[in-house]
Amino acid sequence: MSKLPTSDEHEHDPFVRQALEQAACCEPVPTAFCVGCVLVGRLPDSDPIVLSKGFSRELPGNTHAEANALAKVESLSSPQLQSLVSPWPWEAAPVIEDLLRHVDVYTTLEPCSVRTSGLPACADALIRARIRRCIIGVREPDDFVKCEGAQKLKDAGIEVIWYGGLEQECLDAARRGHHI
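Residues numbered from 1 in each chain as written. Predicted model: local features only at pLDDT ≥ 70, side-chain atom pairs only at ≥ 80, totals over all residues. Heavy atoms only, no water.

Moving on, we come to the nonpolar core. Counting residues in hydrophobic clusters, the biggest one holds 49 residues, and the most contacted among them are Leu-39, Leu-99, Val-105 and Ile-131. Broken down by element, this core gets its largest block of residues, 5 residues, from helix 1 (residues 6-24). In this structure, Val-105 is in contact with Cys-37, Val-38, Leu-39, Leu-126, Ile-131, Arg-133, Cys-134 and Ile-135, ignoring residues within four places of it in sequence. (Core = buried A, V, L, I, M, F, W, Y, C linked by side-chain atoms within 4.5 Å. Buried < 20%, exposed > 50% of the residue type's maximum accessible area, 1.4 Å probe, protein only. Helix = DSSP H or I, 4+ residues; strand = E, 2+ residues; numbered from the N terminus. Contact = heavy atoms within 4.5 Å.)

Structure (structure tokens):
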């Protein structure tokens, strides 16, 4: 894993910390990780915009942080999108597909590549959404499954950045409630 250069740390640090705050909202269970996620729009000539946040098990159905953040942003109407992103940079009416290509996903733990529950993997959801890049706090440990989410994202052409400096905090948040 390579740590980010110092100049990028300043850019990403607030959003990784927001993802950690989301992970803290998660109800711990011994059979799953506590993960937080923040979706940030990075449009040309604009400051970064937090579009959505999510955490594991936030929404019904044994959901994961990335899937929850995506579900929340995908449920926004055109007027809601336009109010978040003002001025809207495209001539056409706001649609989420236009915006997702400019989204950075900040997640405390590597997006899952397989779910023991049979639900869709977060890496696959991020690939389908066509996000721009994924900034990851720490690699998913092999506590439950062997995760290859980062590699799946890279193989799909999504830039993956391993954020350095908060690995232990991200791992501690993920394993909250575990007896290891």
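Turning next to the pattern of salt bridges. Considering all chains together, one arrives at 10 salt bridges under this definition. For Arg-42, the salt bridge is made with Asp-104, and the minimal N-O distance between the two is 2.6 Å. A residue pair is termed long-range when its members are at least 10 positions apart, and Arg-42 in the loop between strand 1 (36-41) and strand 2 (49-55) and Asp-104 in strand 3 (residues 103-107) qualify at 62 residues. The same class applies to Arg-42 and to Asp-104, which are both buried. The closest approach of N and O atoms between Asp-124 and Lys-152, which form a salt bridge, is 2.7 Å. Here Asp-124, found in helix 5 (residues 122-129), pairs with Lys-152, found in helix 6 (residues 149-155); they are 28 residues apart in sequence, far enough to count as distant. With a relative accessible area of 25%, Asp-124 lands in the partly exposed category. (Salt bridge = Lys/Arg side-chain N within 4 Å of Asp/Glu carboxyl O.)

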